[in-house]
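Each chain, written out:
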Amino acid sequence: MPDTVSMTSQATPASRSVFPKGPSFTLEDFSNRDFIVKEFIETLSDTAASNRRSIGGPSSANQLFDPKPLIRTFEHAQQRLGELSGDLEIRENELSAAVRRAEAQHSQNLNTLGRKLKQTIGSFQQLDTSLNGAGAQIAGADHAEATGNMAVETGRRLEELDRQRRRALDAYFLLQCWEGVSNRGEITLLENLRRSGTGEAKVRSAQIARQLLRISQRLDPHSWNESGGKNSKSHGNGSGEQSPTEGIDSVRRNTREVIEKFSETLEKDLLKQFDDFYRKANFEGMRDCATVLQDFSGGASVIALFVNQHQFFIDRSQLVTEEVAGDPESWEKLADPDAEPLKVEPSLQSLVDEVKVVVQEESAIIKRAFPYYEQVLGKFLQRVFQQSIQQRLEMVLERANDISPLAFLRSLQSSRSYISALVDDLKSHGLTENPDPISAQTALVLDQQLEDLFVPYFVGSSYIEREKKTLEELYTSLLFRFTTFHARRKKAATTFMASLSKSGTELLSSARDTYINRLETSEFSPTHRKMLLQVAGLRESGDATKPTDVKLVEDDGLPSIAYAKRMLKWLAEGVGRGLELSVTSETPKDMLALLSLLISMMGEGYIEVCLDAALETATSQESGKAEPDFVYLSAVRNAIGIANLMIMCVNTLLIPLAAGSITVRREMEKKTNLITVRIEDKVNTIEQKTIDATLTWINKLLSGQKKNDFRPKEGDNAAWLEKLQTPTCASICSFLARVHSVIVQSLPSSGTNLRQLLTEIALGVRSLLLEHFKRFSVNGPGGLLVTKDMTQYNDLLKSWDIDEQLKAPSGALDVLLEVGSLFVVGSEALREKVRGSAASGTGGRSGVTGSSNAGRSPGGSPEGLGVHEVRAYVSRREDSNTPAMQNVLNTL
């Protein structure tokens, strides 16, 4: 419906119809700003009322109200409003859809523009950050990374372009220089560049000069093949072709000579400039020159200049070559094996102390003056160690070697220890890295220099051979008197002390002359000879060529604990020195070598020689021709003590140090066990010989017993009653007392050797006595003498420190008392003893061993005596033929 239609009323009759129409209105009527709902309703009502009046005329005023016109009008208006509302809704929907589409498009446009704005801002910030180096973080890691990569790539391309540009310029300049060198024989461009004075120009000059040399070597081989570098003319190369550097009828220049001459000039100029900067302490200038020279010739020339002109080497050039002086008394003390080793030689100590200060100070200068300071410091350290320290060390060791081998070894140890302390101090200081820890490269240089200093003294087995030779000389000198004393042992088959005290002038003179003649060889220095003579207990005569006559005493043939301690002390010093000086991997072999020396000199040459002498003397006394002299047992005691010291030293010092090698350790243990077994066997043999000699002499004394000693006459009652023992018993007891005293004083109280030896002697004496009294007739008074003798024997043997089972009641020694009682008891008492013996079950057993578990019977039967022994003793009584005694014997 058109919106222009306006609402009208049908008032004229011509237009009146049968069915009146309702009001007409459009959307514009409602769109007007003056539209009022009340007025709109009133208009509709007025229209309906006017129509009614016109139809009814004047009389209609009195008519009843007719609502139908109003109803029709409002129904028509409502219908019309419904139509307009539908049209309006359709239009509103169309407009709403268009608005939504426009809003969506607008929102999308805003998002797109916002994202592009953020990207633009981020790209700008990333570019700004990369260009300014700010390094600020930007939101969006992916975008930042992409932008950064783009900036890096751009920078790389720019750098590449710059390098290409520089390379092109350098190539152009290089071609110009080569053209001048090859055609005109001049190098003006490089000279101008060198004289510009800047460090960068000199570096570039050096680089170009090195490149020109390579070009010359390839394009001008004639210059490198010629000697003397002289110019020569060339009209071809033999093949009809011209050389690349030659023109027709042109003079060929010796490019090598021109370039090398310039290089020498450049290097001299730089070295002179470096030296000037060094004298002015201009470290920056020194660094620039060092950088150029490093690029030019590797820096060897500037390093040599710095090291050679160092004030330390100039000042020390005279001092290093000075002779090693020192106090003569100190050198003699260094050669004395019993004196404490002195510290390092004073001149070497002074040098090392100065080196420590100089190296620490110069390391700071080197770091400031050289870009490659570790290389320079390494060269400086090599020069210090290989020239200054090594020269002085060699002179000190040479002087010590002239004194004595021991002085050499002690000087070597003290020098190594002091120089090692220097290396440790330099490492802890840090040198060029101070105060940080020292670099691994410099630490390696220090360790290598320290090792190189002492390598010549440890080649192969040279060191341990020196140690062995020194110890062998000292041991030989210390045991000179002992060895000389025992060299005469086989010359005389007499007693031990007699063989020691017998004059042996001829042998002594021969041994002394041999020893002295060896000392007088050129191998031994005067100080060394003097010290060895002092150790040997000899002294030089006034002419200093022959020692005075050697006078030996008995103590010279006896082993000395003090000597053994000195020998072990010297060995311990050598072991400690070897651990400090030698290579760790060689320690087990060194310990084996020292063990072999110790066993040879102390075990075989000292302990076994002494034991052999004692054994020979003990064997010679078994004959029983004279009372044995057991003074040789004192030598056995000292030998045992020395053996204990030696084995203890081996087990606690030498063998543990060989733990690194199982094979060497087993070999050392085998050697130790062998010498131990040999010594123990010889000691056991000597003790057995002592027992045999003692029993042999006692048997001889018993054989001197008079037959009538136990048959005193009736007229001598007063005389035999006053006797406490027979003369034989007195001599035996006196001898046993002397034997016991000598054994107790000669053998060590520790251990079981002493008790076992006395126990064996006691059992042997007991057996001899039991057999002895079976051979004598005894009368009544003689039985009392037998009892007294047996009591003396029993008391004496029980006073010794022997096995407690022997001394205990009813022990083996109490058999002596029981035997004595068999000669004095009456027949009835004897019968009771016999019954007791039978009851105890000892009949038919020999009581020599003195060991039984039977105990004593109530009748007092002696332990260990059987019926046959009792019959043998009873049958020696004079009254054994009486009926009462025969009755007792028959019961046996």
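Residues numbered from 1 in each chain as written. Predicted model: local features only at pLDDT ≥ 70, side-chain atom pairs only at ≥ 80, totals over all residues. Heavy atoms only, no water.

Per an unreviewed UniProt entry, the recorded name for the protein chain is Exocyst complex component 5, and the organism is Aspergillus melleus.

(A) Molecular detail of the overall build of the protein chain. Within the protein chain, the regular secondary structure consists of 34 helices and two strands. The proportion of buried residues among the 892 residues of the protein chain is 40%. Summarising the internal contacts of the protein chain: among those between residues at least 6 apart in sequence, 75% fall at separations of at least 24. Of the roughly 48,100 Å² that the protein chain leaves accessible, carbon and sulfur atoms contribute 52%. (Helix = DSSP H or I, 4+ residues; strand = E, 2+ residues; numbered from the N terminus. Buried < 20%, exposed > 50% of the residue type's maximum accessible area, 1.4 Å probe, protein only. Contact = heavy atoms within 4.5 Å. Areas by Shrake-Rupley, 256 points an atom, 1.4 Å probe, with all protein chains shown as cover.)

(B) Up close: helix H14 (residues 373-403). Helix length check: H14 (31 residues) gives 43 Å between terminal C-alpha atoms against 45 Å at 1.5 Å per residue, within 8%. Along its length, H14 reaches its greatest deviation from straightness, about 35°, at glutamine 390. (Expected span 1.5 Å × (residues − 1). Bend = angle between axes of the 7 residues up to and from the residue.)

(C) Expanded view of a nonpolar patch on the surface. Taken together, Val37, Ile41 and Phe74 make up a surface patch of nonpolar side chains, about 240 Å² in accessible area. Secondary-structure assignment places valine 37 in helix H2 (residues 37-56). Residue valine 37 is classed as exposed on the basis of its relative accessible area, which comes to 54%. (Patch = residues over 30% accessible without salt bridge, like charges linked within 9 Å, V, L, I, M, F, W, Y side chains within 5 Å. Salt bridge = Lys/Arg side-chain N within 4 Å of Asp/Glu carboxyl O.)

(D) Summary view of the pattern of salt bridges. Applying the stated criterion across every chain yields a total of 24 salt bridges. A salt bridge links arginine 410 to glutamate 573; the shortest N-O distance between them is 2.7 Å. Here arginine 410, found in helix H15 (residues 405-429), pairs with glutamate 573, found in helix H22 (residues 561-581); they are 163 residues apart in sequence, far enough to count as distant. Just as arginine 410 is buried, glutamate 573 falls in that class too. When the shortest N-O distance is used, the salt bridge between aspartate 801 and arginine 755 registers 2.8 Å. Of this pair, aspartate 801 sits in the loop between helix H29 (780-798) and helix H30 (804-807) while arginine 755 sits in helix H28 (residues 753-772), and the two are 46 residues apart along the sequence. Because the salt bridges share partners, they merge into one network encompassing Glu604, Glu608, Asp612, Arg678 and Lys682.

(E) Geometry of the packing of H14 against helix H16 (residues 440-454). Remark: H14 packs on H16, axes separated minimally by 10 Å, with the N-to-C direction vectors making an angle of 20°. The angle between H14 and H16 places the two elements in the roughly parallel class. The element H14 and its partner H16 pack so that their crossing is right-handed. Touching Glu374, Leu377, Gly378, Leu381, Gln382, Phe385, Gln386, Ile389, Gln390 and Leu393 of H14 are Gln441, Thr442, Val445, Leu446, Gln449, Leu453 and Phe454, all from H16. Taken together, the residues that form the contact of H14 with H16 break down as nine nonpolar, seven polar and one charged. (Axes fitted to C-alpha atoms, helices over the stretch in contact; angles between N-to-C directions. Parallel < 35°, antiparallel > 145°, perpendicular 65-115°, else oblique. Left-handed = near helix turned anticlockwise from the far one by under 90°. Nonpolar A, V, L, I, M, F, W, Y, C, P; charged D, E, K, R; others polar.)

(F) Broad picture of a negative patch on the surface. On the surface, a cluster of negative charge is contributed by Asp34, Glu39, Glu42 and Asp46. With respect to the helices, strands and loops of the structure, aspartate 46 is situated in helix H2. (Lys, Arg positive; Asp, Glu negative; His and termini not counted. Charge placed at Lys NZ, Arg CZ, Asp CG, Glu CD.)

(G) Fine view of the confidence of the model for the protein chain. Within the protein chain, residue pLDDT values average 77, and 77% of them lie at 70 or more. Looking at the elements of the protein chain, mean pLDDT is at its lowest for strand S1 (residues 232-233), recorded as 39, and at its highest for helix H25 (residues 662-703), recorded as 92. Across residues 1-18, confidence stays below pLDDT 50; counting only partners more than four residues off in sequence or on other chains, it has 24 contacts. Segment residues 134-139: pLDDT under 50, and seven contacts once partners within four positions in sequence are set aside and those in other chains are kept. (pLDDT = per-residue confidence, 0-100.)

(H) Representation of the packing of aromatic side chains within the structure. Considering all chains together, one arrives at twelve aromatic pairs under this definition. In this structure an aromatic cluster arises from ring pairing among Phe274, Phe370 and Tyr372. In this arrangement the basic side chain of lysine 367 is found over the ring face of tyrosine 373, its NZ or CZ atom lying 5.8 Å from the centre. (Phe/Tyr/Trp six-rings, centres within 6.5 Å; stacked < 30°, edge-to-face > 60°. Lys NZ or Arg CZ within 6 Å of the ring centre and 35° of its normal.)

(I) The arrangement of the side chain of threonine 470 in detail. If you trace the backbone, threonine 470 turns up in helix H17 (residues 462-478). Setting aside its immediate chain neighbours within four residues, threonine 470 contacts Pro405, Leu406 and Leu409.

(J) Spotlight on the packing of helix H10 (residues 300-308) against H14. It is the contact of H10 with H14, at a shortest axis distance of 10 Å, that shows an interaxial angle of 45°. Judged by the angle between their axes, H10 and H14 are oblique. For the pair H10 and H14, the crossing hand works out as right-handed. Here H10 contributes Ile303, Phe306, Val307 and Asn308 to the contact with H14, which in turn contributes Gln375, Val376, Lys379, Phe380 and Arg383. Residue composition of the contact of H10 with H14, by class: five nonpolar, two polar and two charged.

(K) A look at unusual backbone geometry. The omega torsion across asparagine 434 and proline 435 is 5°, close enough to zero to call that bond cis. A positive phi angle, near 55°, is found at leucine 431, a position not held by glycine.

(L) Here's a closer look at the side chain of aspartate 556. The topology assignment puts aspartate 556 in the loop between helix H21 (526-535) and H22. A polar contact is formed between the side chain of aspartate 556 and the side chain of arginine 481, at a distance of 3.4 Å. Among all residues touching aspartate 556, those that are not within four sequence positions of it are Arg481, Phe482, Phe485 and Lys551. (Polar contact = N/O pair within 3.5 Å; in protein donor to acceptor, adjacent residues only side chain to side chain.)

(M) Quick peek at H21. In terms of burial, H21 is largely enclosed, as seven of its ten residues are buried. Listed in full, the buried residues belonging to H21 are Thr527, His528, Arg529, Met531, Leu532, Leu533 and Val535. Just beyond H21, the residue with positive phi is glycine 537, at close to 80°.

(N) Looking closely at the environment of glutamine 360. Relative to the helices and strands, glutamine 360 resides in helix H13 (residues 346-369). Considered as a pair, glutamine 360 and leucine 431 are 71 residues apart in the sequence and their alpha carbons are 5.6 Å apart.

(O) Fine view of the environment of glutamine 413. Tracing the backbone through its elements, the reader meets glutamine 413 in helix H15. For glutamine 413, a relative accessible area of 18% puts it in the buried group.

(P) Here's a closer look at the environment of lysine 427. Turning to its location among the elements, lysine 427 is positioned in helix H15. In this structure lysine 427 comes out as partly exposed when scored by relative accessible area, which is 24%. The spacing of lysine 427 and isoleucine 438 is eleven residues in sequence and 5.7 Å in space, taken between C-alpha atoms. For lysine 427, the side chain forms a polar contact with the side chain of aspartate 447, separated by 2.4 Å.

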